[in-house]
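Working through the structure, step by step
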Amino acid sequence: MGGGARAVNPQTTAERLGHNRFVLDEAESHIEIDQEVCRRTGTGKRLVAVCPAGVYSELEDGTILAEYAACLECGTCLAVASPGALRWHYPRGGFGVGFREG
Ligand code: SF4
């Protein structure tokens, strides 16, 4: 086992995510929400809680918004969504997030 000290990256998660490059597809969102299914199954609150990019937010009336431009394409929301509540696919070619090491 190597005993060398590991370099610690002093950047915060927000700073590291700030290095990413996003190409927004203004013509088409890659996220669609069925508000009724979301409300009935409690999916909306789970989406808000788990998305690391803060894509989802909930209005006072329970409507779930998706600011898809900030999506990191991690797929976590798919793991917590009840069937029929969320339609998610990767952005069309050339659009979406590009990860850069910072
Ligand atoms: S794929 Fe990840 S970053 Fe994108 S909306 Fe779902 S949880 Fe958020």
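Everything that follows concerns the structure shown earlier in this document.
The following paragraphs examine the structure supplied in this document. Please read these numbers as outputs of a predicted model, since none were measured by experiment. (Residues numbered from 1 in each chain as written. Predicted model: local features only at pLDDT ≥ 70, side-chain atom pairs only at ≥ 80, totals over all residues. Heavy atoms only, no water.)

Moving on to the pattern of salt bridges. Applying the stated rule across the entire model yields 5 salt bridges. Note that Arg92 and Asp25 form a salt bridge whose closest N and O atoms lie 2.7 Å from each other. With Arg92 in the loop between β5 (86–88) and β6 (96–98) and Asp25 in the loop between β1 (21–23) and β2 (31–33), this residue pair connects regions lying 67 residues apart in the sequence. Of the residues examined, Arg92 reaches a relative accessible area of 38% and is grouped as partly exposed. Judged by its relative accessible area of 5%, Asp25 is buried. Close ionic contact of Glu28 with Arg92 constitutes a salt bridge, the shortest N to O distance being 3.9 Å. Here Glu28 is found in the loop between β1 and β2, whereas its partner Arg92 is found in the loop between β5 and β6, with 64 residues between them in sequence. (Salt bridge = Lys/Arg side-chain N within 4 Å of Asp/Glu carboxyl O. Helix = DSSP H or I, 4+ residues; strand = E, 2+ residues; numbered from the N terminus. Buried < 20%, exposed > 50% of the residue type's maximum accessible area, 1.4 Å probe, protein only.)

Before going further, it helps to examine empty space enclosed by the protein. The method is simple in principle: a probe with the dimensions of a water molecule rolls over the atoms, and the space it marks as empty is what remains. For the structure shown, the criterion picks out 2 cavities of 30 Å³ or more. In this structure, the largest cavity spans a volume of roughly 90 Å³. Lining of the largest cavity is provided by 14 residues; of these, Val23, His30, Tyr68, Pro91 and Gly96 occupy positions nearest its centre. Elements represented by at least two residues in the lining of the largest cavity include exactly β1 and β6. Put simply, the second largest cavity is a space of about 70 Å³. For the second largest cavity, the lining is made up of 13 residues, of which Cys51, Pro52, Cys71, Cys74 and Cys77 are closest to its centre. Class assignment of the residues belonging to the lining of the second largest cavity gives a composition of 10 nonpolar, 2 polar and 1 charged. (1 Å grid on protein atoms, 1.4 Å probe; cavity = no way out; pocket = protein on both sides within 12 Å on 5 of 7 lines; lining within 4 Å. Points joined across faces, edges and corners; volume = space filled by probe spheres on them. Nonpolar A, V, L, I, M, F, W, Y, C, P; charged D, E, K, R; others polar.)

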